[in-house]
Protein chains: 2
Amino acid sequence: MAGAVQSGNISKANPMNGGHGLYSYTKNSTYQGKVIVAVKDLIMEAISEKLNSCIISSSNTICVADMGCSVGPNTFIAVQNIVEAVQKKYQSQGQGHSGLPEFQVFLNDHSVNDFNTLFRSLPPNRNYYVAGMPGSFHGRLFPSNFLHIVHTSYALQWLSQVPMEVEDTSSPAWNKGRIYYSSAGDQIAKAYADQFSKDMDCFLHARAKEVVCGGLIMLTVPGRLDGSPHTRVFSNVCYDILGSCLMDMAKMGITSEEKVDSFNIPVYFSSPQELEATVERNGCFSLEKLHCLPLEKTQTSIPEKARAISYHIRAGLEFLLKEHFGHEILDELFDSFNRKLEKSEVFQYGRAYSLFALLKRKPT
Amino acid sequence: MAGAVQSGNISKANPMNGGHGLYSYTKNSTYQGKVIVAVKDLIMEAISEKLNSCIISSSNTICVADMGCSVGPNTFIAVQNIVEAVQKKYQSQGQGHSGLPEFQVFLNDHSVNDFNTLFRSLPPNRNYYVAGMPGSFHGRLFPSNFLHIVHTSYALQWLSQVPMEVEDTSSPAWNKGRIYYSSAGDQIAKAYADQFSKDMDCFLHARAKEVVCGGLIMLTVPGRLDGSPHTRVFSNVCYDILGSCLMDMAKMGITSEEKVDSFNIPVYFSSPQELEATVERNGCFSLEKLHCLPLEKTQTSIPEKARAISYHIRAGLEFLLKEHFGHEILDELFDSFNRKLEKSEVFQYGRAYSLFALLKRKPT
């Protein structure tokens, strides 16, 4: 091994809210959990059709990583689905109980993630061994040829950083008066798209070293249909509303316009074409499947929906908002956000899709 | 893999103080750090003489675990020593840089250990990959044939539980009026010795499954010379003094005698003979080396020594003391402990030894 491995600082960390409080990720990640349920059949199918059992070394252990695991509980459901799928595949090949592989699972997130909460809520009767792997998935995390299956769900939309241009007051892509790209100019949207591409390149470059030949990456990201405008994406509309609440507060003197100008949410909703382009550019993986799944609509009332979304977004963005604006504005911000959401038309015209991609490591 | 793997609850957790505060383990584990420096040469020698490079699988990765890692920084020094020793061995065999193995390190401790502090203080330019492995080392932590090197330092003296007899008021081994075995009756000392043996059996049983044939276990525990009485062990004297402080406080009505009677420190200082017996009973490892190293004396004044020991013991026992007696007695307890320590003769007649054992997994 030449020199030092990554120090984990190549990507800005934006940990989801830890612990078990009102605005914790643990209590406000039902939506991400639904996505994991929604792709379960795709994962079963992927492993059944595409995993070659000969990829496992003599130790008879399958190494699985969930990247961007946050604090649970969704990561445990995802891991359980993968373990079950592999066991089913082995059983269908006539392997008895003693011939089944063992599983070493790695739950990965930034080193500032609340691993204490994660470790204290591990499922008690799990049929896999589990470790926590701290560090940015935009760089190397594991030794070469170490992993058999990589899973990541609703994590790769987080950019490693806000694109520099959008915070540069001298750039034509400076994002004045907004905190997001979706209803901003083309140059701003392009800066975000480029950052997403760069981040995906880093992610795939690192995984190409770590994943054994024949190994699988199953990734799910929130996205949009090819050709669909950014302004139709449900979450994008929500982020725009959040931005307008911040601007209202700036006008009231609760925060400043400069503070709003210099804050941008480091998230990007990609299209299938964009995702496919990154895999092709990398060249080490074959794209075996690519699905675009619409969100199942919930049958709750608008106020209930608005509250759930408000909590959901707070669990994900509180760290960044607090860091930039101070914690004292948070309650008022999310009260105002909640009220605007209720009155908005996002529930009518906002669209939410998940993109699911299955990648297989090509032989070297 | 048959059924569920361990849930990590088979052993009572006694986490060292987390964080970076005055009584944190991070700030009060200089002594444990000195031990790691003291055994460095033994570790270099062990790896140089006893590690066969053919034990590594095709992935060219050496899997190393440090069991009972706590919150750092000592675990990082220990790991670095091991990595350097292996690299040196490979280089001495004429391997160039590209032929060197990669290292996947696992830092293990109970799931209630402060992994957040550990992960946030990882050395930035480390030349190994590192994961945290939550769970009790008295049970299975890893898949079969997965580890090449296991290291554990100053962890195995912690018992998985207080021996039941010493807390049973109807037993002849009931430890009334004391919190430790060293100056108690033979039956109490025997109950502690038996618990240590049982725990070592569990530790070795689990490691025998996890360590590849030819793999090494390097363990360091605080101990005593064969035949040396428990009352001569430096730490034992300290624990007796701590017990007498608690009894003083019971007499003053600050706590109760019943509370002291039902509290016992789950720590045991073993002898080389005892350690050797556990390895022989297990049968899966050959005992390649066994050394008894005396503690290097420090040249500080008695008050300085007393204060350092008081903080050191508080960092290790605060969790248990708080749980049993409540946090409000802690400052007074350790003030009184510090005063008694200064006046005691422990610095003259107390003896401190570390036992270092090198075990090699026999072929199956």
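The rules we used
- Residues numbered from 1 in each chain as written.
- Chains lettered and ligands numbered in written order.
- Predicted model: local features only at pLDDT ≥ 70, side-chain atom pairs only at ≥ 80, totals over all residues.
- Heavy atoms only, no water.
- Helix = DSSP H or I, 4+ residues; strand = E, 2+ residues; numbered from the N terminus.
- Rg over C-alpha atoms; globule rule 2.2 N^0.38 Å.
- Buried < 20%, exposed > 50% of the residue type's maximum accessible area, 1.4 Å probe, protein only.
- Contact = heavy atoms within 4.5 Å.
- Least-squares fit on C-alpha atoms with pLDDT ≥ 70 in both.
- Buried area = accessible area lost by both parts, 1.4 Å probe.
- Salt bridge = Lys/Arg side-chain N within 4 Å of Asp/Glu carboxyl O.
- Phe/Tyr/Trp six-rings, centres within 6.5 Å; stacked < 30°, edge-to-face > 60°.
- Lys NZ or Arg CZ within 6 Å of the ring centre and 35° of its normal.
- Pairing = 2+ DSSP bridges.
- Core = buried A, V, L, I, M, F, W, Y, C linked by side-chain atoms within 4.5 Å.
- Expected span 1.5 Å × (residues − 1).
- Polar contact = N/O pair within 3.5 Å; in protein donor to acceptor, adjacent residues only side chain to side chain.
- Axes fitted to C-alpha atoms, helices over the stretch in contact; angles between N-to-C directions.
- Left-handed = near helix turned anticlockwise from the far one by under 90°.
- Nonpolar A, V, L, I, M, F, W, Y, C, P; charged D, E, K, R; others polar.

Within an unreviewed UniProt entry, the label attached to chain A reads S-adenosylmethionine-dependent methyltransferase, and the organism entered is Dovyalis caffra.

K.L.:
Is there a simple way to explain the overall build of chain A in this structure?
P.N.:
When helices and strands are counted, chain A shows eleven helices and seven strands. For chain A, the C-alpha radius of gyration of 21 Å lies close to 21 Å, the compact-globule estimate for 364 residues. Considering chain A as a whole, with its 364 residues, one finds that 59% of them fall into the buried category. Counting contacts in chain A only where the partners sit at least 6 residues apart, residues at least 24 apart contribute 85% of the total.

K.L.:
I'm lost on the relation of the copies chain A and chain B in this one. Help?
P.N.:
A rotation about some axis, followed by a shift along it, carries one copy of the chain onto the other. Of the transformation superimposing chain A on chain B, the axial component is 0.0 Å and the angular component is 180°, with the fit at an RMSD of 0.0 Å. The transformation relating the two chain copies, once decomposed into turn and shift, fits a two-fold axis. For chain A, the minimum C-alpha distance to the rotation axis belongs to Gly132(A) and amounts to 2.4 Å. When the interface residues of chain A are mapped onto chain B, 100% of them again lie at the interface, so the same face is used by both copies.

K.L.:
Honestly, the interface of chain A and chain B in this entry has me stumped. Any pointers?
P.N.:
By a widely used convention, the size of an interface equals the accessible area lost when the partners come together. Between chain A and chain B, the contact holds 44 residues from the first and 44 residues from the second. Of the roughly 3,700 Å² buried where chain A meets chain B, counting both sides, 57% is carbon and sulfur surface. On the surface where chain A and chain B come into contact, there are two salt bridges. Between Arg140(A) and Glu102(B) there is a salt bridge; the shortest N-O distance is 3.5 Å. Sort the elements by how many residues they give to the side of chain A that touches chain B and strand 3 (residues 129-134) of chain A lands first, with six residues.

K.L.:
Can you walk me through the packing of aromatic side chains in this structure?
P.N.:
Aromatic ring pairs are defined here through the distance separating the ring centres and the angle between the ring planes. Evaluation of the coordinates by the stated rule reveals 34 aromatic pairs over all chains. Relative to Tyr181(A), the ring of Tyr180(A) lies with its centre 4.4 Å away and its plane at 40°, an arrangement referred to as tilted. Both residues of the pair, Tyr180(A) and Tyr181(A), count as buried. Taken together, the aromatic side chains of Phe106(A), Phe142(A), Phe146(A), Phe106(B), Phe142(B) and Phe146(B) make up a single cluster linked through ring pairs. Note that Arg307(A) overlies the ring of Tyr311(A), its terminal NZ or CZ placed 4.9 Å from the centroid. Sitting above the plane of the Phe203(B) ring, Arg207(B) keeps its charged end 4.9 Å from the centroid.

K.L.:
What am I meant to see in helix 2 (residues 40-50) of chain B here?
P.N.:
An α-helical segment advances 3.6 residues per turn. Residues three or four places apart therefore align on the same side. Buried within helix 2 of chain B are the following residues: Leu42(B), Ile43(B), Met44(B), Ala46(B), Ile47(B) and Lys50(B). Packed against the buried residues of helix 2 of chain B are helix 3 (74-92), strand 4 (147-153), strand 5 (211-223), strand 6 (285-294) and strand 7 (353-361) of chain B.

K.L.:
Any chance you could explain the pattern of salt bridges here in plain terms?
P.N.:
Side chains bearing opposite charge may pair, as long as their charged atoms lie close to each other. For the structure shown, the criterion picks out 32 salt bridges over all chains. A salt bridge links Glu274(A) to Arg224(A); the shortest N-O distance between them is 2.9 Å. Of the two residues, Glu274(A) is situated in helix 8 (residues 272-282) and Arg224(A) in the loop between strand 5 (211-223) and helix 6 (234-251); the sequence distance between them amounts to 50 residues. Under the relative-accessibility criterion, Arg224(A) is labelled buried at 8%. Via salt bridges that share partners, Glu102(A), Arg140(B), Arg207(B) and Glu210(B) belong to a single interconnected network.

K.L.:
Sorry if this is basic, but what is going on with the environment of Gly19(B) here?
P.N.:
Along the chain, the position of Gly19(B) falls in the segment before helix 1 (30-38). In sequence terms Gly19(B) and Asp114(B) are 95 residues apart; their C-alpha atoms lie 7.3 Å from each other.

K.L.:
What am I meant to see in the pairing of strand 1 (residues 61-67) of chain B here?
P.N.:
Residues in a regular strand point their side chains to alternate faces of the sheet. All names here are of chain B. The buried count for strand 1 comes to seven of seven residues, which makes it a mostly enclosed element. Both strand 1 and strand 2 (residues 102-109) contribute to a ladder of seven bridges, which runs parallel. In the strand pairing of strand 2, Cys63 is matched with Gln104. As paired elements, strand 1 and strand 4 share three bridges and run parallel to each other. Across the sheet, residue Ala65 finds its bridge partner in strand 4, namely Val150.

K.L.:
Just to check I follow, could you spell out the environment of Ala65(A) for this structure?
P.N.:
All names here are of chain A. Here Ala65 shows up in strand 1 (residues 61-67). Relative accessible area serves as the criterion here: at 0%, Ala65 is assigned to the buried category. Sequence spacing of Ala65 and His148 is 83 residues, and the spatial spacing of their C-alpha atoms is 8.4 Å.

K.L.:
Explain the nonpolar core here, please?
P.N.:
The tendency in soluble globular proteins is for nonpolar side chains to be buried as a group. Residues Phe106(A), Leu147(A), Phe106(B) and Leu147(B) are the most contacted members of the largest nonpolar core, which totals 160 residues. Those residues in contact with Leu147(A) that lie beyond four places of it in its chain are Cys63(A), Ala65(A), Met67(A), Phe106(A), Phe142(A), Glu210(A), Val211(A) and Val212(A). Within the second largest apolar cluster, 70 residues are counted, among which are Ile43(A), Val79(A), Leu358(A) and Ile56(B).

K.L.:
I tried to follow the environment of Ile241(B) on my own but got confused; where do I start?
P.N.:
Residues and elements named next belong to chain B. Tracing the backbone shows Ile241 in helix 6 (residues 234-251). Spatially, the C-alpha atoms of Ile241 and Leu293 are 25 Å apart, while their sequence positions differ by 52 residues. Contacts of Ile241, omitting those with residues within four sequence positions, involve Phe337, Lys340, Leu341 and Ser344.

K.L.:
When you look at the pairing of strand 4 (residues 147-153) of chain A in this model, what are you seeing that I'm missing?
P.N.:
Residue and element names in this part refer to chain A. In terms of residue burial, strand 4 counts as a mostly covered element, since seven of its seven residues are buried. Of the strand pairs in this sheet, strand 4 and strand 5 are connected by six bridges, and their pairing is parallel. Considered in strand 5, the bridge of Val150 is made with Ile217.

K.L.:
Can you walk me through helix 6 of chain B in this structure?
P.N.:
Residue and element names in this part refer to chain B. Taking 1.5 Å per residue, 18 residues should reach 26 Å; helix 6 reaches 26 Å between its end C-alpha atoms and fits that length. A large share of helix 6 lies buried, amounting to 13 of its 18 residues. Gly253 sits one or two residues past helix 6 and shows a positive phi near 85°.

K.L.:
Would you explain the side chain of Ser344(B) in this entry?
P.N.:
With respect to the helices, strands and loops of the structure, Ser344(B) is situated in the loop between helix 10 (330-343) and helix 11 (346-349). Polar side-chain contacts of Ser344(B) include one of 2.8 Å to the backbone oxygen of Leu341(B).

K.L.:
Help me understand unusual backbone geometry, please; the structure alone is not making it clear to me.
P.N.:
If a residue is not glycine, its phi is most likely negative; likewise, a peptide bond is most likely trans. Residues and elements named next belong to chain A. The peptide bond linking Gly72 to Pro73 adopts the cis configuration, its omega dihedral lying at 0°. With respect to the helices and strands, Pro73 occurs in the loop between strand 1 and helix 3 (74-92). You will see that Ser70, though not glycine, has its phi angle at about 55°, which is positive. Mapped onto the elements, Ser70 comes out in the loop between strand 1 and helix 3.

K.L.:
Teacher, can you tell me more about the packing of helix 2 of chain B against helix 3 of chain B here?
P.N.:
For any two helices packed against each other, the geometry comes down to the angle between their axes and how far apart the axes lie. Residues and elements named next belong to chain B. In the contact formed by helix 2 and helix 3, the axes pass within 9 Å of each other and the chain directions differ by 40°. Of the two elements, helix 2 crosses helix 3, and the hand of that crossing is right-handed. Of helix 3, the residues touching helix 2 (which contributes Lys40, Ile43, Met44, Ile47 and Ser48) are Asn81, Ile82, Glu84, Ala85, Val86, Lys88 and Lys89. For the contact of helix 2 with helix 3, the class distribution of residues is six nonpolar, two polar and four charged.

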